[in-house]
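Summary of structural features
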Amino acid sequence: MTKYLFGETITIYQRDIVFNLESLVPRTRSIVLVGHEFRNDLKVLQLLRFDLHTSIVGLPDTGKIVSTTSPNIPITLSSILSELQCPFQNLHVAGNDADFTLRILLLLATRNYTDEVVDSKHQEILTAPKATTNLSIPKRSDPQAKNIKKKQRGFQKNKKHQSESWDMETQGQIRAERAARRAEKESNEGRLEGFVTARGNSVPHHTC
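Since this is a predicted model, take the numbers as computed values, not measurements.

Of the voids in this model, the largest pocket is the one considered here, and its volume is about 1,700 Å³. Forming the walls of the largest pocket are 42 residues, and the residues nearest its centre are Leu21, Asp41, Ala94, Gly95 and Ala98. Broken down by secondary-structure element, the contributors of at least two residues to the lining of the largest pocket are helix H1 (17-24), strand S1 (31-32), helix H2 (39-47), helix H4 (77-83) and helix H5 (94-110). Counting residues per element, the lining of the largest pocket draws most heavily on H5, which supplies seven residues. A breakdown of the residues in the lining of the largest pocket according to their chemical character gives 25 nonpolar, eleven polar and six charged.

A separate point is the pattern of salt bridges. Summed over all chains, the structure comprises three salt bridges. Measuring nitrogen to oxygen at the nearest pair gives 3.5 Å for the salt bridge that ties Arg39 to Glu37. Taking relative accessible area as the criterion, Arg39 reaches 49% and is therefore assigned partly exposed.

Let's shift gears to the environment of Arg39. On the secondary structure map, Arg39 appears in helix H2. Residues Arg39 and Leu59, 20 residues apart in the sequence, show an inter-C-alpha distance of 10.0 Å.

Let's shift gears to the side chain of Asn96. Its location among the elements puts Asn96 in helix H5. Separated by 2.8 Å, the side chain of Asn96 and the backbone oxygen of Lys3 make a polar contact.

To continue, consider the side chain of Ser70. Relative to the assigned elements, Ser70 resides in the loop between helix H3 (62-69) and H4. Judged by its relative accessible area of 11%, Ser70 falls in the buried class. Residues within four places of Ser70 in sequence aside, it is in contact with Ile65 and Arg111.

With that settled, the discussion passes to unusual backbone geometry. You will see that Asn90, though not glycine, has its phi angle at about 55°, which is positive. We classify Asn90 as partly exposed; its relative accessible area is 28%. Even without a glycine there, the phi angle at His92 is positive, about 65°.

Looking now at the confidence of the model for the protein chain. Looking at the protein chain, the pLDDT average stands at 77 and 63% of residues meet or exceed 70. The least confident element of the protein chain, judged by mean pLDDT, is helix H7 (residues 143-165) at 55; the most confident is strand S2 (residues 56-58) at 95. Per-residue pLDDT stays below 50 along residues 202-208; that stretch engages in zero contacts with residues further than four places along the chain or on separate chains.

Quick look at the packing of H3 against H5 now. Think of two packed helices as two axes; the pair is described by the angle between the axes and how far apart they sit. Between H3 and H5, the least distance of the axes is 10 Å, while the angle of their chain directions is 35°. Along this stretch, H3 crosses H5, giving a crossing that reads as left-handed. Contacts between H3 and H5 involve Thr62, Ile65 and Val66 from the former and Thr101, Ile104, Leu105 and Leu108 from the latter.

This part is about the packing of aromatic side chains. For the structure shown, the criterion picks out two aromatic pairs. Pairing Phe6 with Phe100 gives two aromatic rings, centres 5.8 Å apart and planes at 70°, and the pair type is edge-to-face. One end of the pair, Phe6, is in the segment before H1; the other, Phe100, is in helix H5, and 94 residues separate them in sequence. Judged by relative accessible area, Phe6 falls into the partly exposed class, the value being 26%. In textbook terms, an aromatic cluster arises when at least three aromatic residues are bridged by ring pairs, as seen for Tyr4, Phe6 and Phe100. One Lys or Arg, Arg15, reaches over the ring of Tyr13 and ends 4.7 Å from the middle of that ring.

Turning our attention to the nonpolar core. Ranked by size, the top nonpolar core spans 14 residues in total, and within it Ile80, Leu81, Leu84, Phe100 and Ile104 carry the most contacts. No other element matches the four residues that H5 contributes to this core. When near neighbours in sequence (up to four residues on either side) are disregarded, Leu84 contacts Ile104, Leu107, Leu108 and Arg111. Of all hydrophobic cores here, the second largest spans eight residues; its members include Ile31, Phe38, Phe50 and Ile56.

What counts as what
- Residues numbered from 1 in each chain as written.
- Predicted model: local features only at pLDDT ≥ 70, side-chain atom pairs only at ≥ 80, totals over all residues.
- Heavy atoms only, no water.
- 1 Å grid on protein atoms, 1.4 Å probe; cavity = no way out; pocket = protein on both sides within 12 Å on 5 of 7 lines; lining within 4 Å.
- Points joined across faces, edges and corners; volume = space filled by probe spheres on them.
- Helix = DSSP H or I, 4+ residues; strand = E, 2+ residues; numbered from the N terminus.
- Nonpolar A, V, L, I, M, F, W, Y, C, P; charged D, E, K, R; others polar.
- Salt bridge = Lys/Arg side-chain N within 4 Å of Asp/Glu carboxyl O.
- Buried < 20%, exposed > 50% of the residue type's maximum accessible area, 1.4 Å probe, protein only.
- Polar contact = N/O pair within 3.5 Å; in protein donor to acceptor, adjacent residues only side chain to side chain.
- Contact = heavy atoms within 4.5 Å.
- pLDDT = per-residue confidence, 0-100.
- Axes fitted to C-alpha atoms, helices over the stretch in contact; angles between N-to-C directions.
- Left-handed = near helix turned anticlockwise from the far one by under 90°.
- Phe/Tyr/Trp six-rings, centres within 6.5 Å; stacked < 30°, edge-to-face > 60°.
- Lys NZ or Arg CZ within 6 Å of the ring centre and 35° of its normal.
- Core = buried A, V, L, I, M, F, W, Y, C linked by side-chain atoms within 4.5 Å.

Here it is as structure tokens:
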């Protein structure tokens, strides 16, 4: 089952990581790389020789922001998202964590602004990030479970179709066999119950 909520998961080799990242980063404009407690991630990018300077104008860390502005909140993603009342699920999946980290940054930027301190001219600017963070989380079905259910439905359908195709004699024989198995099972259960009762009523006898 894929736990990534916002697209399809693909596998790439280590040698292709930088190439794939560069294809997503337009160096012709200012870039802000956002992360959550991502100092180790930055070290890995440096070891891979990913350019962390050209066109990159900021590296905001939501973990550091929260620890500075709201030291009473644990800096885990789940704690911060809960505090900000932002829906989330399937954390600890890289793509999901990235999406929810961006939502955290937007909410942190707007949480302390109210109608009283922001004029109408800037209300629209603040409304857009809040609306973005409240976007519904896509529902992903488990393809494996879906296939199993499909096979089960097919099996039941085939079984029903097969039973309908039997002639009366075959159906009668099958019913008789089932009745015999039930009777044998009930008989065995009755004998077991009688044995347990007899053992329970027996009194140990010792000869001196």
